[in-house]
Amino acid sequence: DTEVTQTPKHLVMGMTNKKSLKCEQHMGHRAMYWYKQKAKKPPELMFVYSYEKLSINESVPSRFSPECPNSSLLNLHLHALQPEDSALYLCASSQPFGEAKNIQYFGAGTRLSVL
Amino acid sequence: AQSVAQPEDQVNVAEGNPLTVKCTYSVSGNPYLFWYVQYPNRGLQFLLKYITGDNLVKGSYGFEAEFNKSQTSFHLKKPSALVSDSALYFCAVRDMSSSASKIIFGSGTRLSIRP
């Protein structure tokens with residue numbers, strides 16, 4: 001099973017709302033990622049968790065707050081977003097760096113619209 | 001710094017003809033290279049990888065890629081294109097300067113297969 005599940009598939013929120021994106025994997029991977037992807041562009045890395053600890057934050061604004069409650073789950077909490085934050089948010093997982101087969105497996109994404 | 005370049009924004013091929021999607025890389029040391037495909041409104045799917053070994057790597061859906069160290073290239077190929085191969089293709093390289101499992105994506109190439 002190489003499945004990464006993301007919920008919800010679509011999300012529309014106002015600029016004052018608080019919402020959360022969820023990601024789950026049961027492949028035993030110990031690295032999990034959040035990416036932001038604009039239309040027809042490559043994914044941009046936002047955060048990396050390795051062994052449930054935040055290892056990379058690519059200077060993401062504080063209105064995005066990641067959380068990794070356990071090795072299978074990854075959340076992205078959203079608050080006071082701007083319309084330019086509208087994008088496809090992708091979650092991925094892999095074995096951590098140093099493992100020979102650390103291929104990243106991606107979820108289908110959450111399409112976020114900020115009004 | 002590690003990087004990959006995809007020189008073609010779009011590649012158009014007739015069904016049944018061979019296809020090539022180009023990728024060149026710039027790394028210090030031995031590269032870890034990947035190809036991913038993204039269908040509309042979906043996440044990225046892993047196609048194949050090169051770590052070490054044979055220069056011709058076979059992957060999913062009949063795709064293969066040829067690693068060429070002298071030309072620093074990792075072009076994606078398929079002998080006979082299908083309409084269903086139409087999608088956005090990303091080349092990627094492992095960022096060896098990062099202690100986490102970070103990969104760097106190319107800008108993407110849209111492959112369009114006409115019937």
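Student: I'd love a proper account of the nonpolar core, names of residues and values included.
Tutor: Counting residues in each nonpolar core, the largest one holds 26 residues, and the members touching the most others are Trp-35, Leu-48, Phe-74, Leu-76 and Tyr-89 of chain B. Of all the secondary structure elements, the ones that give two or more residues to this core are β2 (10-14), β3 (19-21), β5 (33-38), β6 (44-50), β8 (64-68), β9 (73-78), β10 (87-94) and β12 (109-114) of chain B. Of the residues forming this core, the biggest block, four residues, is contributed by β10 of chain B. For Tyr-89 of chain B, the residues in contact, after removing those within four places along its chain, are Gln-6, Trp-35, Tyr-36, Val-37, Leu-47, Phe-63, Leu-76, Gly-108, Thr-109 and Leu-111 of chain B. Ranked by size, the runner-up nonpolar core spans 23 residues in total, among them Met-13, Met-46, Phe-47 and Cys-68 of chain A.

Student: Kindly report on the pairing of strand β9 (residues 87-94) of chain A, identifying the contributing residues and their values.
Tutor: Residues and elements named next belong to chain A. Among the eight residues of β9, eight are classified as buried, and the element is accordingly described as predominantly covered. As judged from the seven bridges shared by strand β4 (residues 31-37) and β9, these two strands associate in the antiparallel manner. For Gln-37, the partnering residue across the bridge sits in β9 and is Leu-88. In this sheet, strand β11 (residues 110-114) lies alongside β9 in antiparallel orientation, the contact comprising three bridges. Paired with Tyr-89 across the bridge in β11 is Thr-110.

Student: Report on the packing of aromatic side chains, specifying residues and quantitative values.
Tutor: Taken as a whole and assessed by the stated rule, the structure comprises 14 aromatic pairs over all chains. Seen from their ring centres, Phe-34 of chain B and Tyr-36 of chain B are 6.5 Å apart, and the 35° between their planes marks the pair as tilted. The residues Phe-34 of chain B and Tyr-36 of chain B share a single accessibility class, namely buried. Through successive ring pairs, a cluster of aromatic residues spans Tyr-33, Tyr-35 and Phe-106 of chain A together with Phe-34, Tyr-36, Phe-46, Phe-90 and Phe-105 of chain B.

About the cut-offs
Residues numbered from 1 in each chain as written. Chains lettered and ligands numbered in written order. Predicted model: local features only at pLDDT ≥ 70, side-chain atom pairs only at ≥ 80, totals over all residues. Heavy atoms only, no water. Core = buried A, V, L, I, M, F, W, Y, C linked by side-chain atoms within 4.5 Å. Buried < 20%, exposed > 50% of the residue type's maximum accessible area, 1.4 Å probe, protein only. Helix = DSSP H or I, 4+ residues; strand = E, 2+ residues; numbered from the N terminus. Contact = heavy atoms within 4.5 Å. Pairing = 2+ DSSP bridges. Phe/Tyr/Trp six-rings, centres within 6.5 Å; stacked < 30°, edge-to-face > 60°.

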